[in-house]
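Structural characterization, general
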Amino acid sequence: MIILKIIITLFLLFAILTLIKQFKKSQIALAGFLFWLIVWITVGIVFWQPELTTRLANQFGIGRGSDFIIYISIIVIFYQLFRIYAHIEKIETNITKIIRKIAIDNAQDNRKLDKNN
Amino acid sequence: MQNNPKIFIIIPAWNEGKNISSVLEELVKKYENVVVVDDGSYDKTSEIVSQYTVVLLKHIINRDQGASLQTGNDYALNNGADILVHFDADGQFLVDEIQEMINPIVNENYDIVFGSRFMGKKSKMPWAKKNILFPIGRIVNKAILKIKTTDPQSGFRAMTRDAAQKIQIEHDRKAHCSEILHKAFKYKLKIREVPMTVIYNRFGQNFSGGIVILKDLILKKILK
């Protein structure tokens, strides 16, 4: 178990360092930075102090800490899915605007064809 | 409405190379301003349309029917349209009935006119569509969008310039029919339904298509 904990901790340190680098280079917004920072720190706490999650779970009437984590994870995943869907919709709308502008700017008007020929 | 309004007929077309000739053949004899939006077709739709005295707008990639109609609307509005008519590329609607759609706008000051397949004229509608799909569509329209029309998914419609400016189609896919109806009621436009004929070459929206429309409508409402 201790080996797994060390591997996970190294991974978390790597993830947090990468996150800080991204934030410094302005590749990620403050809200995104804080969100992921909290996620990784929480994962670390859960790995080193698993009994904490059981105590927290009991507060919500859930018996096991691992169950509590699964419930929370599902909520977070669904929320993220929804955000991704919203983001894709926004991109789709913008693509349509671009395609529409190209179509109108390059309109092929053949209404006078007969008169010119 | 002024005399001799400038009428624009807008036709979204996606891979309609086989059917669009006969529609355009008839349309250009009666209407000066026909706008075809080729929605990223990979057949010869554009080449065929180019042979007619119409305006061709090309979506370089497919954006679906709602997006195509809005592209046509934008073009027509930029070019001084007084009345905009949405028509079909595959010969489902009758060119002769366009005038019946326009008359209430010109003579009775209606803002928007919808063709209805449920007002007397004979349309050979598939049984499942008439007895299952459309009744469900009507209930959903009434419950979610407060729409009270006999035809929940009419694609044949005519509107004034003012109505087209108000009704910006945001649903790129098939939910635009419900969206246009919804906005017509929301903006308190003067609405009229007139009987129309539909010739069914193919089934159109099936049940799964209906579910996709419902999903699009609900999600767009949540995302706003």
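Keep in mind the model is a prediction, meaning the values are calculated, not measured.

Counting its secondary structure elements, chain B contains eight helices and seven strands. The principal-axis extent of the C-alpha atoms belonging to chain B is close to 45 × 40 × 40 Å. Taking all 224 residues of chain B together, 54% fall into the buried category. Of the contacts made within chain B by residues no fewer than 6 positions apart, 75% connect residues no fewer than 24 positions apart. Mean positive and mean negative side-chain charge positions of chain B (32 and 25 charges, respectively) differ by 7 Å.

Bringing the packing of aromatic side chains into the picture now. Applying the stated criterion to the full structure yields nine aromatic pairs over all chains. Both rings, one in Phe-93 of chain B and one in Phe-156 of chain B, keep their centres 4.9 Å apart while their planes meet at 10°; by these two values the pair is stacked. Residue Phe-93 of chain B is found in the loop between strand 4 (83-86) and helix 4 (98-108), and its partner Phe-156 of chain B is found in the loop between helix 5 (127-145) and strand 6 (157-160); the two are separated by 63 residues along the sequence. Residue classification places Phe-156 of chain B among the buried residues on the basis of a relative accessible area of 0%. Taken together through their ring pairs, the aromatic side chains of Phe-11, Phe-35, Trp-36 and Trp-40 of chain A make up a single cluster.

As a further point, take the pattern of salt bridges. Evaluated as defined, the whole model comprises 12 salt bridges over all chains. For the salt bridge of Glu-89 of chain A with Arg-173 of chain B, the shortest nitrogen-to-oxygen distance reads 3.2 Å. Taken as a pair, Glu-89 of chain A in helix 4 (residues 65-105) and Arg-173 of chain B in the loop between helix 6 (161-166) and helix 7 (176-186) lie in two separate chains rather than in one. Judged by relative accessible area, which is 13%, Glu-89 of chain A ranks as buried. The class of Arg-173 of chain B is partly exposed, set by a relative accessible area of 28%. Among the salt bridges present, the one from Asp-162 of chain B reaches Lys-166 of chain B, with a minimum N-O distance of 3.3 Å. With Asp-162 of chain B and Lys-166 of chain B both in helix 6 and four residues apart, this pair spans about one turn of that helix.

With domains assigned, chain A is organised as domain 1 (1-48) and domain 2 (65-106). If you average the C-alpha positions of domain 1 of chain A and of domain 2 of chain A, the two centres end up 24 Å apart.

Strand order in the open sheet formed by eight strands is 1(A)-3(B)-2(B)-1(B)-4(B)-6(B)-5(B)-7(B), and the pairing between neighbours is mixed. Here the strands that pair on one side only, and so sit at the sheet edges, are strand 1 (108-109) of chain A together with strand 7 (191-195) of chain B. Pairing analysis gives five bridges linking strand 5 (residues 112-116) of chain B to strand 7 of chain B, with the strands arranged parallel. Among the inter-strand pairings, Gly-115 of chain B is bridged to a residue of strand 7 of chain B, identified as Val-194 of chain B. Strands in contact with helix 3 (residues 65-78) of chain B are strand 1 of chain A together with strand 1 (7-13), strand 2 (33-39), strand 3 (55-59), strand 4 and strand 6 of chain B; relative to strand 1 of chain B, the strand with the most contacts, it is inclined by about 155°.

Attention shifts here to a nonpolar patch on the surface. Residue and element names in this part refer to chain A. Among the surface-exposed residues, Ile-2, Ile-3, Ile-6, Ile-7, Leu-10, Leu-13 and Trp-48 lie close enough to one another that they form a single nonpolar patch of about 740 Å² accessible area. With six residues, helix 1 (residues 2-24) is the single largest residue contributor to the nonpolar patch. Here Ile-3 is to be found in helix 1.

Attention now goes to the nonpolar core. Residue and element names in this part refer to chain B. Within the largest apolar cluster, 35 residues are counted, with the highest numbers of intra-cluster contacts made by Ile-9, Leu-27, Phe-87 and Ile-98. When contributions to this core are tallied by element, the ones reaching two or more residues are strand 1, helix 1 (20-30), strand 2, helix 2 (45-49), strand 4 and helix 4. Those residues in contact with Phe-87 that lie beyond four places of it in its chain are Ile-9, Ile-10, Ile-11, Pro-12, Val-23, Leu-27, Phe-93, Leu-94, Val-95, Ile-98 and Phe-156. Of all hydrophobic cores here, the second largest spans 30 residues; its members include Leu-57, Leu-69, Leu-84 and Ile-180.

Here we take up the side chain of Asp-39 of chain B. Its place among the elements puts Asp-39 of chain B in strand 2. The buried charged residue Asp-39 of chain B lacks any salt bridge partner; its closest oppositely charged side chain belongs to Arg-63 of chain B, at an N-O distance of 6.7 Å.

Attention now goes to helix 2 (residues 30-48) of chain A. Residues and elements named next belong to chain A. For helix 2, spanning 19 residues, the distance from its first C-alpha to its last is 27 Å, which sits close to the expected 27 Å at 1.5 Å a residue. Looking at helix 2, one finds that the buried residues are Phe-33, Leu-37 and Gly-44. Looking down the long axis of helix 2, one finds its buried residues gathered within 30° of arc, a one-sided arrangement. Helix 2 presents Ala-31 and Ile-38 as exposed residues on the side facing more than 90 degrees away from its buried surface. Residues of helix 2 that are buried sit in contact with helix 1.

So, on to unusual backbone geometry. All names here are of chain B. Non-glycine residue Asn-15 carries a positive phi angle of around 50°. Tracing the chain through its elements places Asn-15 in the loop between strand 1 and helix 1. The phi dihedral of Asp-64 falls on the positive side, at around 80°, and the residue is not glycine. Inspection of the secondary structure puts Asp-64 in the loop between strand 3 and helix 3.

The rules behind the values
- Residues numbered from 1 in each chain as written.
- Chains lettered and ligands numbered in written order.
- Predicted model: local features only at pLDDT ≥ 70, side-chain atom pairs only at ≥ 80, totals over all residues.
- Heavy atoms only, no water.
- Helix = DSSP H or I, 4+ residues; strand = E, 2+ residues; numbered from the N terminus.
- Buried < 20%, exposed > 50% of the residue type's maximum accessible area, 1.4 Å probe, protein only.
- Contact = heavy atoms within 4.5 Å.
- Lys, Arg positive; Asp, Glu negative; His and termini not counted.
- Charge placed at Lys NZ, Arg CZ, Asp CG, Glu CD.
- Phe/Tyr/Trp six-rings, centres within 6.5 Å; stacked < 30°, edge-to-face > 60°.
- Salt bridge = Lys/Arg side-chain N within 4 Å of Asp/Glu carboxyl O.
- Domains from an automatic or database assignment.
- Pairing = 2+ DSSP bridges.
- Axes fitted to C-alpha atoms, helices over the stretch in contact; angles between N-to-C directions.
- Patch = residues over 30% accessible without salt bridge, like charges linked within 9 Å, V, L, I, M, F, W, Y side chains within 5 Å.
- Areas by Shrake-Rupley, 256 points an atom, 1.4 Å probe, with all protein chains shown as cover.
- Core = buried A, V, L, I, M, F, W, Y, C linked by side-chain atoms within 4.5 Å.
- Expected span 1.5 Å × (residues − 1).
- Arc of directions from axis to C-beta.

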